[in-house]
Amino acid sequence: MRLERPAPRSQRRVEPREDFDLSSCRTGGRSIRREARQAMADQAQHEEEILEAPARGSAEELLDAGAHDPIDAMRHSAAHVMAEAVLDLFPGAKLGIGPAIADGFYYDFELPRPLTPDDLESIEERMRQSVAADHRFVRREIPLDDARVVAEGQAQTYKVEILADLAERAAAAGETPPVTSFYEHGPFSDLCKGPHVESTGRIGPFKLLSVAGAYWRGDEKRPMLQRIYGTVWATREELDRYLWRRAEAKKRDHRRLGVQLDLFSFHDISPGSAFWHPRGQRIWRTLESAMRELQERRGYEEISTPILVHKKLWQQSGHWDLYGDNMFRLESEGQEYSLKPMNCPESAVVYRSRLRSYRDLPLRYNEYGRLHRNERSGTLSGLTRVRQFIQDDAHLFVRPDQLAAEIEALLGEVSEAYSWFGLEPRFAFATKPDKALGDPMLWERAEGLIRDALDRTGVNYVVKSKDGTFYAPKIDIYIDDALGREWQMATIQVDLVMLPERFDLTYIDEHGAEQRPIAIHRAIYGSLERFIGILVEHFAGAFPLWVAPVQAVVIPIADRHLEAAGALAAVLRSRGLRVEVDDSDGRMQNKIRVAQEQKVPYMIVLGDREIEARTASPRTRAGEQQPPEGWDDLAARLAAETSARRPD
RNA sequence: GCCGACAUAGCUCAGCGGUAGAGCAGCUGUUUCGUAAACAGCAGGUCCUCAGUUCGAAUCUGAGUGUCGGCUCCA
């Protein structure tokens, strides 16, 4: 029924890994980096400028080189200039790769010592000189074998490796070794397929941002290089806007706001696990009860299963082998147990607890299970990457003929839930990967059903070929937050193999024969921790009324108004509103300021005038002064706004 | 896990070999006040932990713990 709007929902991105699909897991940090991608909306104008300064080479070459966005050529050129500067300051430095990325570029180096912030300044200074010199970028084509000699001569071992790979790849494809290209500007020359801008003078305003370690080719068994990140834009205004956006993102950081709004805290006695304070817990419960309401309305039944589970279960599910490193294990009386990292195997246990009839399906089990995953210490990050969390998890067991309707309903649930927050979901349909389990016919059928459901609901989606999990095709849901950062929120996975086969799930059909059900894994918020973290940043702490931990503060002007303030608060609370009275000794102005800083949606000042008329005129946190209304009317109005779950 | 940086009062931060500081918050008192900060006083710290160097360590060294920025958008 809520299929009218583009579907929403996302299953927690963590969940997919749950099913071993580690690759699909996007970390928060990565998403944040993508954030900037959005900034490009208004770039048309500088694109023209760049086009006026075409990269060397024909349009075809540019296309071959995959130059989708002209500004990438400038960013990549900036990377070359940075490499020039680094080589100048550190002769003998070895170069890794230096691509253009979302809002800038990076280059990886092997250097004799760690870089410091001061080094970044020196490098920037050298870069400016190179830009001022306006060196032309010159493309030089060199046969691969010659290129290897050059790279070896320069002791550029990483470039040598890249060339060796190119040769190997060509050999594997039965082709002759390709001609490689070098780009030179001034004293600098680098193996590079291009394209570049015409000359270094075409590089716009830039800034080096940070240094970080990065494994060569992302492989932790390879050497760790030093990566310098930089950003570059066509105009000063764009650079400033980007830097402003970074600063804004920092201000909205949920780790900062979590302290400021007293929502949660982290402590080294349990790294990666949040301590929820009363106000944070109120948000939690609000989201949870909204979801429970939706689930009950849509025929879910809630279950609850143990956190501490014998390893036998994980061996059967396959987690013990495939996910073991991520599980917390413990031993008791000679038996080995684990804290559950996922709910799904135990929901299968519940399913199997009795014989199921085709009449029982679909079965929709939802569970707010507390999960533990032993994430590597270096990856922990606020609420977005934790070791303990709770999902709004559910597992649906359906007959094949019910799958389409269930998926359609799930898309509707996603749409509905995301509309509560004003989030616009985007969908990606991930199909069968090369390495997949189960009957190809079932895959084909499942994919067809997913596609039908997506098409029927009229949502827009992209297809990510071969991006499904090894046991299931899936629908991934993404959102862009208020700063344009992309987050993968969830996944709807159609599991044909893992729960049904491994746990030998069956139901008895109308002919008395055993059949396999299909399992759907889904979570709409995903990890509540992560979801709340994203909400904090999306709303910058100014939650919609229905979510706000404190919805209204009653502000008595003087002590003699305290009693009436309590009475008004009682009226509001009787309608289920979360209301506090500021009975501190401060002045009214100060109380407003405090409420404002706490991002409380409504501030209700109570003085002689209001008390006499038994009215109240709320001030919104946007600074709007609303007309006076009676206490009961106000309470009814705010209660109605709350239950509407509007996103503003 | 790995590379780098950081860890001082509840919060934000200064101090960087010689007796621990500020603002805000807190507490007490005064003030009773009309839409983003009343005034005064008081209190508050194993300077992350453990070793080491030193006459002396918040400050230097080492180890540990935690946090932050990252760890292929493949020439």
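Preceding this section is the structure that the text describes.
Scope of this entry: the structure provided in the associated data block. (Residues numbered from 1 in each chain as written. Chains lettered and ligands numbered in written order. Predicted model: local features only at pLDDT ≥ 70, side-chain atom pairs only at ≥ 80, totals over all residues.)

On a plain count of helices and strands, chain A comes out with 22 helices and 30 strands. Here chain A, with 648 residues, has 42% of them falling under the buried criterion. Long-range pairs, those at least 24 residues apart, make up 73% of the contacts in chain A with a sequence separation of at least 6. (Helix = DSSP H or I, 4+ residues; strand = E, 2+ residues; numbered from the N terminus. Buried ≥ 20, exposed ≤ 12 C-beta atoms within 10 Å, placed from the backbone. Contact = placed C-beta atoms within 7 Å.)

In this section: unusual backbone geometry. Peptide bonds are mostly trans, and most non-glycine residues show a negative phi. Omega for the peptide link from Gly194 to Pro195 comes to 0°, which places this bond in the cis form. Across the junction of Leu361 and Pro362, the peptide omega takes the value 0°, indicating a cis bond. Position of Pro362 among the secondary structure elements: in the loop between helix H14 (344-352) and strand S15 (363-367). The phi dihedral of Ala155 is positive, around 60°, even though this residue is not glycine. Examined against the element boundaries, Ala155 turns out to sit in the loop between helix H7 (144-153) and helix H8 (157-172). In this structure Ala155 comes out as exposed when scored by C-beta crowding, with 10 C-beta atoms within 10 Å. At Arg614, a residue that is not glycine, the phi angle is positive and equals roughly 50°. Position of Arg614 relative to the elements: it lies in the loop between helix H21 (608-613) and strand S28 (615-616).

Our next topic: the sheet that holds strand S6 (residues 188-191). Strands sit in the order S4-S5-S6 across an open sheet of three strands; the sheet is antiparallel. Of all the strands in the sheet, the pair left with one neighbour each is strand S4 (138-143) and S6. Sheet twist, expressed as the average angle between the axes of neighbouring strands with direction ignored, equals 30°. As paired elements, S4 and strand S5 (residues 179-185) share six bridges and run antiparallel to each other. Paired with Pro143 across the strands is Val179, a residue of S5. The strands that helix H5 (residues 70-89) touches are S5 and S6; relative to S6, the one it contacts most, it runs at about 120°. H7 contacts S4, S5 and S6 of the sheet and is inclined by roughly 110° relative to S4. (Pairing = 2+ DSSP bridges. Axes fitted to C-alpha atoms, helices over the stretch in contact; angles between N-to-C directions.)

Now for the protein's contact with RNA strand B. Neighbouring RNA strand B are 64 residues, the closest being Gly213, Gly218, Ser377, Gly378 and Gly607. Counting only elements with at least two residues in the surface near RNA strand B, the list comes to helix H2 (28-34), S5, strand S7 (206-215), strand S8 (224-232), helix H10 (254-260), helix H20 (588-597), strand S27 (602-606) and H21. Element by element, the count of residues in the surface near RNA strand B is highest for H20, at seven residues. (Near = placed C-beta within 6 Å.)

Within the largest apolar cluster, 99 residues are counted, with the highest numbers of intra-cluster contacts made by Ile450, Ala552, Val554, Leu568, Met603, Ile604 and Leu606. For this core, the domains that each give at least three residues are domain 1 (2-26 + 266-538) and domain 3 (552-643). The residues contacting Leu606, other than those within four sequence positions of it, are Val554, Ile555, Pro556, Ile557, His561, Ala564, Ala565, Leu568, Ile611 and Ala616. Grouped together as the second largest cluster of nonpolar side chains are 41 residues, Ala78, Tyr106, Val131 and Phe137 included. (Core = buried A, V, L, I, M, F, W, Y, C linked by C-beta atoms within 7 Å. Domains from an automatic or database assignment.)

Turning our attention to the packing of H7 against H8. A pair of packed helices is characterised by two quantities: the angle between their axes and the separation of those axes. Taken N-terminus to C-terminus, the directions of H7 and H8 make an angle of 165°; their axes are 9 Å apart at the nearest point. Between H7 and H8, the angle falls in the class roughly antiparallel. Between H7 and H8 the crossing geometry is left-handed. Two secondary-structure elements touch here, H7 through Leu144, Ala147, Arg148, Ala151 and Glu152 and H8 through Lys159, Val160, Leu163, Leu166 and Ala167. Of the residues that constitute the contact of H7 with H8, the class distribution is seven nonpolar, no polar and three charged. (Parallel < 35°, antiparallel > 145°, perpendicular 65-115°, else oblique. Left-handed = near helix turned anticlockwise from the far one by under 90°. Nonpolar A, V, L, I, M, F, W, Y, C, P; charged D, E, K, R; others polar.)

Here we come to the sheet that holds S27. What the four strands build is an open sheet, ordered S26-S25-S27-S29; its pairing is mixed. Sheet topology places strand S26 (579-581) and strand S29 (619-620) at the edges, where each strand pairs with a single neighbour. Of the strand pairs in this sheet, S27 and S29 are connected by two bridges, and their pairing is antiparallel. By the bridge assignment, Tyr602 is partnered in S29 with Thr620.

With that settled, the discussion passes to the packing of H5 against helix H6 (residues 117-133). It is the contact of H5 with H6, at a shortest axis distance of 8 Å, that shows an interaxial angle of 120°. Accordingly, the angle class assigned to the pair H5 and H6 is oblique. As for the relative orientation of H5 and H6, their crossing is right-handed in sense. Contact with H5, carried on its side by Val81, Met82, Glu84, Ala85, Val86, Asp88 and Leu89, involves Ser122, Ile123, Arg126, Met127, Ser130 and Val131 of H6 and no other residues of that element. Split into classes, the residues belonging to the contact of H5 with H6 amount to eight nonpolar, two polar and three charged.

Function cannot be read off these values alone, since they describe shape.
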